[in-house]
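A look at the structure
Spelled out, the chains give:
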Amino acid sequence: MSAHTDQDPDVLITSPDPMHPANHISELCRKFYDLGWVTGTGGGVSIRKEDLVYLAPSGVQKEMMQPEDMFVMDWKTKEYLRRPLNYKPSACTPLFLAAYTHRGAGCCIHTHSQWAVLVTLICESSPDWATRTCFSIKEIEQIKGISRGGSGSDEIAEGGRKLGNLGFFDTLRIPIIENTAHEEDLTGALEQAMLAWPECAAVLVRRHGVYVWGKDVGQAKTQAESLDYLFQLAVRMHGMGLKWT
Ligand SMILES: [Zn+2]
């Protein structure tokens, strides 16, 4: 039995600390709404703190999100410890859990940013299969915002070398999976992409958006912002007839 089950569930979402996951997710939803990343209740944010997973609910206006709206799941049993009765869990939940399971992530961000969608459309028009199924870019300074190991810049590679972040001359690669009618049906393809691309920090979903993760909220947010910058730049370069690779 979980150590949390005999608690008042509201204890899990009540804290004066702005960095508490319930407060932090609400704040991030407002920030991401202002960026156009989570318009029309799409997209989402989840944080895993030790053995608790915090998830924003489905169908709530992101700029109105409150700590009391949060679902809280026991990471080990995958059972909800707190479940607001007036809301449904987010359809993104199995995709966020995939980032925690396969990447040891501490936070996962899903955006419907138009720049992410546009980049997948430009890649879709390529006659080359590799370009259709993977966005890659190099020699742009903002690439340095992305971890070499996908999550956790202090991860240790074989041989004991610290992985760190990508450098200016490295190539950033983000796999693209095809969209499905229902968000949760993306889970299998997302997991396959995470396993096939062990260094990727994110997965693009064609005509839909992007899933980005990190070892903690700071890294996930840095990577989401860096990637959105790079997607926007790539779209603008394409419009100017410039190649981004
Ligand atoms: Zn979505």
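Residues numbered from 1 in each chain as written. Predicted model: local features only at pLDDT ≥ 70, side-chain atom pairs only at ≥ 80, totals over all residues. Heavy atoms only, no water.

**Things to note about the packing of aromatic side chains**
For any pair of aromatic rings, the description consists of the separation of the ring centres together with the inter-plane angle of the planes. Across all of its chains, the model carries seven aromatic pairs by this definition. A centroid spacing of 5.3 Å and a plane angle of 65° characterise the contact between Phe71 and Tyr80, whose relative ring orientation is edge-to-face. Here Phe71 falls in the buried class, since its relative accessible area comes to 0%. Pairing Phe168 with Phe169 gives two aromatic rings, centres 4.9 Å apart and planes at 85°, and the pair type is edge-to-face. Through a chain of ring-to-ring contacts, three or more aromatic side chains come together here, namely Phe135, Phe231 and Trp244. Over the ring of Trp75 we find Arg48; its NZ or CZ atom is 5.0 Å from the centre of that ring. For Lys78, the ring lying beneath its charged end belongs to Trp75, and the centroid distance is 3.8 Å. (Phe/Tyr/Trp six-rings, centres within 6.5 Å; stacked < 30°, edge-to-face > 60°. Buried < 20%, exposed > 50% of the residue type's maximum accessible area, 1.4 Å probe, protein only. Lys NZ or Arg CZ within 6 Å of the ring centre and 35° of its normal.)

**Regarding the packing of helix H2 (residues 93-103) against helix H5 (residues 187-196)**
Between two packed helices, what matters for the description is the angle formed by their axes and the separation of those axes. Remark: H2 packs on H5, axes separated minimally by 10 Å, with the N-to-C direction vectors making an angle of 25°. Here H2 is positioned roughly parallel relative to H5, judged by the angle of their axes. With respect to the hand of their crossing, H2 and H5 are arranged in right-handed fashion. On H5, the residues that touch Pro94, Leu95, Ala98, Ala99, His102 and Arg103 of H2 are Thr187, Leu190, Glu191, Met194 and Leu195. Along the lines of polarity and charge, the residues of the contact of H2 with H5 split into seven nonpolar, two polar and two charged. (Axes fitted to C-alpha atoms, helices over the stretch in contact; angles between N-to-C directions. Helix = DSSP H or I, 4+ residues; strand = E, 2+ residues; numbered from the N terminus. Parallel < 35°, antiparallel > 145°, perpendicular 65-115°, else oblique. Left-handed = near helix turned anticlockwise from the far one by under 90°. Contact = heavy atoms within 4.5 Å. Nonpolar A, V, L, I, M, F, W, Y, C, P; charged D, E, K, R; others polar.)

**Concerning the packing of helix H3 (residues 114-124) against helix H6 (residues 217-239)**
At a minimum axis distance of 8 Å, the contact between H3 and H6 shows a crossing angle of 50°. As the angle between them shows, H3 and H6 are arranged oblique. In the crossing of H3 with H6, the sense of the turn from one axis to the other is left-handed. Contacts from Trp115, Ala116, Leu118, Val119 and Ile122 of H3 reach H6 at Asp228, Phe231, Gln232, Ala234, Val235, Arg236 and His238. Taken together, the residues that form the contact of H3 with H6 break down as eight nonpolar, two polar and two charged.

**So, the environment of Asp74**
Mapping Asp74 onto the fold places it in strand E3 (residues 71-74). A C-alpha to C-alpha distance of 28 Å links Asp74 and Thr180, two positions 106 residues apart in sequence. One polar contact links the side chain of Asp74 to the main-chain amide nitrogen of Thr77, over a distance of 3.2 Å. (Polar contact = N/O pair within 3.5 Å; in protein donor to acceptor, adjacent residues only side chain to side chain.)

**Observations concerning the domain arrangement of the chain**
By the assigned domains, the chain splits into domain 1 (1-90) and domain 2 (114-245). The centre of domain 1, based on its C-alpha atoms, is set 25 Å off from the matching centre of domain 2. On the side of domain 2, five residues touch domain 1, which itself brings five residues to the contact. Between domain 1 and domain 2, roughly 450 Å² of surface is buried when both sides are summed, and carbon and sulfur atoms account for 83% of that area. Of all residues in domain 1, the largest losses of buried area upon contact with domain 2 belong to Leu28, Phe32 and Trp37, amounting jointly to 66% of the total for that side. Tallying contributions element by element places helix H1 (residues 21-34) first for the side of domain 1 that touches domain 2, with three residues. Of the residues belonging to the side of domain 1 that touches domain 2, the class tally is three nonpolar, one polar and one charged. (Domains from an automatic or database assignment. Buried area = accessible area lost by both parts, 1.4 Å probe.)

**A look at H2**
Most of H2 is tucked away, with eight of its eleven residues classed as buried. Along H2, the positions that sit buried rather than exposed are Thr93, Leu95, Phe96, Leu97, Ala98, Ala99, Tyr100 and Arg103. Positioned one or two residues after H2, Gly104 has a phi angle of 60°, which is positive.

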